[in-house]
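# Remarks on the overall topology
Chain by chain, the residues run as shown.
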Amino acid sequence: MKKAILVFIFDGYADWESAYVSSELNAPETGYAIKTLSLDKEPKTSMGGFRVLPDYSVADFPADFGMLILIGGNAWMKQLNNAVLPVVEYAIERRIPVGAICGAANFMAENGYLNQIRHSGNTLEFMQDQAPHYRGNQHFVEEQAVCDSNVVTANGTASLEFAKEILLLLKAKPETAVLEWYNAHKSGFYRS
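Note that the structure is predicted; figures quoted are calculated from it, not measured. (Residues numbered from 1 in each chain as written. Predicted model: local features only at pLDDT ≥ 70, side-chain atom pairs only at ≥ 80, totals over all residues. Heavy atoms only, no water.)

What follows covers the pattern of salt bridges. Under the criterion given, the structure shown has 9 salt bridges. Salt-bridge contacts for Lys3 lead to Asp64; the nearest nitrogen and oxygen are separated by 3.2 Å. With Lys3 in strand E1 (residues 3-8) and Asp64 in the loop between strand E5 (56-57) and strand E6 (65-70), the pair connects residues that are 61 residues apart, well separated along the chain. We classify Lys3 as partly exposed; its relative accessible area is 32%. Exposure remark for Asp64: the relative accessible area of 53% places this residue in the exposed category. Of the charged contacts in the structure, one is a salt bridge between Glu29 and Lys173, with a shortest N-O distance of 4.0 Å. With Glu29 in the loop between helix H1 (19-25) and strand E2 (32-38) and Lys173 in the loop between helix H5 (159-170) and helix H6 (175-187), this residue pair connects regions lying 144 residues apart in the sequence. Residue classification places Lys173 among the partly exposed residues on the basis of a relative accessible area of 23%. Beyond isolated ion pairs, a larger network of salt bridges with shared partners links Glu24, Glu29 and Lys173. (Salt bridge = Lys/Arg side-chain N within 4 Å of Asp/Glu carboxyl O. Helix = DSSP H or I, 4+ residues; strand = E, 2+ residues; numbered from the N terminus. Buried < 20%, exposed > 50% of the residue type's maximum accessible area, 1.4 Å probe, protein only.)

Another aspect to go through is the environment of Val152. Tracing the backbone through its elements, the reader meets Val152 in strand E9 (residues 151-154). Judged by its relative accessible area of 0%, Val152 is buried. For the pair formed by Val152 and Ile101, sequence separation is 51 residues and the distance between their alpha carbons is 8.1 Å.

Right, let's talk about helix H2 (residues 85-93) for a bit. For H2, the set of buried residues is Val87, Val88, Tyr90 and Ala91. Buried residues of H2 fall within an arc of 160 degrees about the axis and therefore sit on the same side. Residues Pro86 and Glu93 are exposed on H2 and point more than 90 degrees away from its buried face. Elements in contact with the buried residues of H2: E2, E6, strand E7 (98-101) and helix H3 (103-110). Trailing H2 by a residue or two, Arg95 shows a phi angle of about 60 degrees, which is positive. (Arc of directions from axis to C-beta. Contact = heavy atoms within 4.5 Å.)

Here is the structure:
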C-alpha cells in the first residue's frame, strides 16, 4: 500500500508550488500517493481556479503518512491556517518530513520550527516581518530550497528546487534520476 503524502490546501493556495513534486511523487513507481488535507472537507479553490475537494481534514488525517507539504498563499499572512498546527506538531514529533514553501515557511518560522535548523524562505527580512516570534535568523540560508532535520523550506520562486529537495529526502527515485529530472526541467530542451 502506498504511503500518503499530505498536501495542505486552502482557499487561495498557490497551486503551482506543489505541482512538480505532486506529479513526481504520485507516479506509479513510487511508494507514495498524493492526498489533500485542509482545515475542513469543504471544496477549496486555488489561486489558479482549481476547485478541489480535500481528502482529509485536520480532524481525520491518517496516523501514518509519509510527509506533510505546506504550500504558499495569502492565507498564511492573515493567519487563517493556524488550525493546521496540530498536524505539523504531530509530524515533527514523529520525525515525519515536513515541507514548507513561500508563506508556509513563515508559518513554520513563527511557530519556532526553524529556530534551530538551516532553512530558507522568501527573504530573511520578510520572514522576520511575517513571523515576529521567529528566532532562527542565524540559520537562514539565501538558497532557493534547503533541507535540514527532515524539514524542507523554499522561497516562492523555488517550486522546482522544493520538489528536488523533497524527492531526494524521501528517496522517491535514485539520486541520479532526481538530478537528471531537475536539470531537464531547469534548463529545458533549448538554451537561449
